[in-house]
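Take a look at the letters that make up each chain.
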Amino acid sequence: MKLKFSNMIRHFLLINRHKWAVFKNCVRCGIVFRGIVHDLSKFSPQEFIESARFFQGNRSPIGVCRRARGVSYAWLHHKGRNKHHLEYWLDNDCEVTPMMPYKYAVECVCDKLAATKTYAGGSYTNDMPLRHWYRYGNRVSGNPRTMMFLEKVFLDVYEHGERYVLSKKYMKRTFSEICLAEQMPAPLPVFSQMYEEERAKYDKMIAASRK
Ligand SMILES: [Zn+2]
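For clarity, every value in this text was computed on a predicted model and none was experimentally measured.

## Points about the overall build of the chain
- Secondary structure summary: the chain contains 11 helices and 0 strands in total.
- Going residue by residue from the N terminus, the α and β elements of the chain occur as α-α-α-α-α-α-α-α-α-α-α.
- Partitioning the contacts of the chain with sequence separation of at least 6, the portion at a separation of at least 24 is 66%.

Take a look at the structure:
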């Protein structure tokens, strides 16, 4: 794909729109600084040029580039520098994937909630973050407590809505109950039907992309 100037502008605006949505979530959760510096590496040439080249508007250019080239250098650059991504913490040589510290785990939630909303547009519903988690999120072999923290937040979004989780009090309490507790809490309930549906969608998508 050719690099178009119009797509450079569009991509620049999209980054800022996403950053603004994440910033508002971060302010509600009391991590203002994380909201300001969120995803700044997207402005680096390594990330910006590739993403502008594969710009689509309604989905992530990273996936588009991966399918076209078999690799996305923008993503490899991004995940290596942004601690709010589960992938940043992956290290095969660690016995257990290190746990994401509080501020990055909360930033991760703020990011995922904002991204789900942006891509869903007007048709956003409270089950979407949990669906997205079942379809893609929980495939990463992250730290078990970090994974449980994220899952718990998305379950609460599903049951009580976004406003319920976007507060400093909620985040502090939930993080300490799951990530700082002496014993790892019992597994969370899985909404089996939703889970099955999302897994099936993912498998179908993968099969289609291999054709
Ligand atoms: Zn990011």
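## Here's the deal with the nonpolar core
- Formed by 30 residues in total, the largest nonpolar core has its most connected members in Ala105, Val109, Cys110 and Leu150.
- Broken down by secondary-structure element, the contributors of at least two residues to this core are helix H1 (5-29), helix H6 (102-120), helix H7 (128-135), helix H8 (144-160) and helix H10 (168-180).
- Sort the elements by how many residues they give to this core and H6 lands first, with 8 residues.
- When sequence neighbours within four positions are dropped, the list of residues in contact with leucine 150 reads Cys108, Val109, Trp133 and Gly137.
- Formed by 6 residues, the second largest nonpolar core is a distinct cluster that contains Phe54, Phe55, Ala74 and Trp75.

## Examining the environment of threonine 118
- Relative to the assigned elements, threonine 118 resides in helix H6.
- Judged by the 15 C-beta atoms lying within 10 Å of it, threonine 118 falls in the partly exposed class.
- Through-space distance from the C-alpha of threonine 118 to that of proline 129 is 12 Å; in sequence the pair is 11 residues apart.
- Excluding residues within four positions of it along the chain, threonine 118 makes contact with His18 and Ala21.

## Focus: the packing of H7 against helix H11 (residues 192-210)
- It is at 8 Å that the axes of H7 and H11 come closest, and there the two elements cross at 55°. Judged on the interaxial angle alone, H11 and H7 are oblique. With respect to the hand of their crossing, H7 and H11 are arranged in right-handed fashion. Only Met194, Tyr195, Glu198, Arg199, Lys201 and Tyr202 of H11 make contact with H7, whose side of the interface consists of Leu130, Arg131, Tyr134 and Arg135.
- Tallied by class, residues from the contact of H7 with H11 come to 5 nonpolar, no polar and 5 charged.

## A short note on the environment of alanine 21
- Tracing the backbone through its elements, the reader meets alanine 21 in helix H1.
- Each C-alpha atom, one on alanine 21 and one on valine 37, is 13 Å from the other, the two residues being 16 residues apart in sequence.
- Setting aside chain neighbours within four positions, we find alanine 21 in contact with Ala114, Lys117 and Thr118.

## Considering H1
- Here H1 spans 36 Å end to end across 25 residues, near enough to the 36 Å set by a 1.5 Å rise per residue.
- Every buried residue belonging to H1 is among Asn7, His11, Lys19, Val22, Asn25, Cys26 and Cys29, and all of these are buried.
- On its buried face, H1 sits against helix H2 (32-37), helix H3 (45-53), H6 and H10.
- One or two steps after H1, the chain reaches glycine 30, where phi turns positive at roughly 80°.

The rules we used
Numbering of residues starts from 1 in each chain and follows the order in which that chain's sequence is written. Local features in a predicted model are, by the rule used here, given only for residues with pLDDT of at least 70; side-chain atom pairs are given and counted only at 80 or more, and totals for whole chains, interfaces and linings are based on all residues. In DSSP terms, a helix is any run of H or I states spanning at least four residues, a strand is any run of E spanning at least two, and both are numbered starting from the N terminus. Working definition of a contact: two residues with C-beta atoms, positioned from the backbone, lying within 7 Å. Joined through C-beta atoms within 7 Å, a set of buried Ala, Val, Leu, Ile, Met, Phe, Trp, Tyr and Cys residues constitutes a nonpolar core. Partly exposed residues are those whose C-beta has more than 12 but fewer than 20 other C-beta atoms within 10 Å; with 20 or more the residue is buried, with 12 or fewer it is exposed, and the C-beta atoms are placed from the backbone. Axis definition: a line fitted to C-alpha atoms, over the contacting stretch in the case of helices. Angles run 0 to 180 degrees between N-to-C directions. With respect to orientation, any angle under 35 degrees is reported as roughly parallel, any angle over 145 as roughly antiparallel, any angle of 65 to 115 as roughly perpendicular, and every other angle as oblique. Rotating anticlockwise by less than a right angle from the far helix to the near helix defines a left-handed crossing, while the corresponding clockwise rotation defines a right-handed one. Charged means Asp, Glu, Lys or Arg here, nonpolar means Ala, Val, Leu, Ile, Met, Phe, Trp, Tyr, Cys or Pro, and polar covers whatever is left, Gly included. Any helix carries an expected span of 1.5 Å times its number of residues minus one.

Fair warning: the whole summary comes from geometry, so function is off the table for now.
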